[in-house]
Amino acid sequence: MVHGRPRLLVVSALAVLGLVSGCGSGSGAAPAPGGSGTSAAPGTSASAPGPSPSAPAPGSTTTATASVPERGASAAVPSGTRCHTSELRASVGRNDPGAGQENFPVVLTNASTRTCTVYGHPGAAFLDASGRQLGADPERSTATRPVRVTLAPGRSAWAGLSFSNPEVSGARAATPVTLLVTPPDEHDPLRVRWTGGAVPVSGNASTVRLTALAAGTGP
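Residues numbered from 1 in each chain as written. Predicted model: local features only at pLDDT ≥ 70, side-chain atom pairs only at ≥ 80, totals over all residues. Heavy atoms only, no water.

A. Layout of the sheet that holds strand 11 (residues 190-193). Read across the sheet, 4 strands follow the order 5-4-10-11 without closing on themselves; strand pairing throughout is antiparallel. Where the open sheet ends on each side, the last strands, each with one partner, are strand 5 (133-134) and strand 11. (Pairing = 2+ DSSP bridges. Helix = DSSP H or I, 4+ residues; strand = E, 2+ residues; numbered from the N terminus.)

B. Spatial organisation of the pattern of salt bridges. Scanning all chains against the criterion turns up 3 salt bridges. Between Arg82 and Glu186 there is a salt bridge whose closest N-O contact spans 2.7 Å. Here Arg82 is found in the loop between helix 1 (4-23) and strand 1 (88-92), whereas its partner Glu186 is found in the loop between strand 10 (178-182) and strand 11, with 104 residues between them in sequence. Judged by relative accessible area, which is 33%, Arg82 ranks as partly exposed. Looking at Glu186, the relative accessible area reads 16%, which means it is buried. (Salt bridge = Lys/Arg side-chain N within 4 Å of Asp/Glu carboxyl O. Buried < 20%, exposed > 50% of the residue type's maximum accessible area, 1.4 Å probe, protein only.)

C. How the structure looks around the pairing of strand 10. Counting buried positions along strand 10 yields 5 of 5 residues, so the element is predominantly enclosed. Both faces of strand 10 are covered, namely the face carrying Thr178, Leu180 and Thr182 and the face carrying Leu179 and Val181. With 5 bridges connecting them, strand 4 (residues 123-127) and strand 10 associate as antiparallel partners. Bridge pairing in strand 10 places Phe126 opposite Leu179.

So far we have only geometry, and geometry alone does not tell us how the molecule works.
Laid out in structure tokens, this is it:
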């Protein structure tokens, strides 16, 4: 029994040595805390994680990219300058009579390729077949407040031309052939064929009035 104890100690020492040797086998290094647990391929070294793709690397610069407008979007067109006579077309709309009053819309339409503006009252005068003026120039009505009207190509503005029916008022009447229409702040008139019948030219209730221009072709 005395001789068996040293052998037991030797065997125990050898067993402990074997356990220590098994813990150190494999890749030779434990994975770092928080790592994936995978090792780099032979001949390469694992690199540290780079910065997030959404954040620029330290010391780098970023370039702002302009946004692209949506398809079909367009910049606002600024208001143009005053419409000139050569850029406009004049016409007279249908009569809208009421209570012995005759009411015609005098329409100015932008016939040019640019945007322009009109403001205020147009001028007007009735002419006979020989080109002579019939009656006085229409007076400016204060029934409407002047506003600046922006006319894109093809758009129109109108002013109301009103007078009392000569058969009702008893004023002396004449039937014009032409109506001259002069755009605001212009000197050259536009000629329109008059088909609205007789107009008062003198006597009682012979006043013809024009309102300021408004957007559209009539009330």
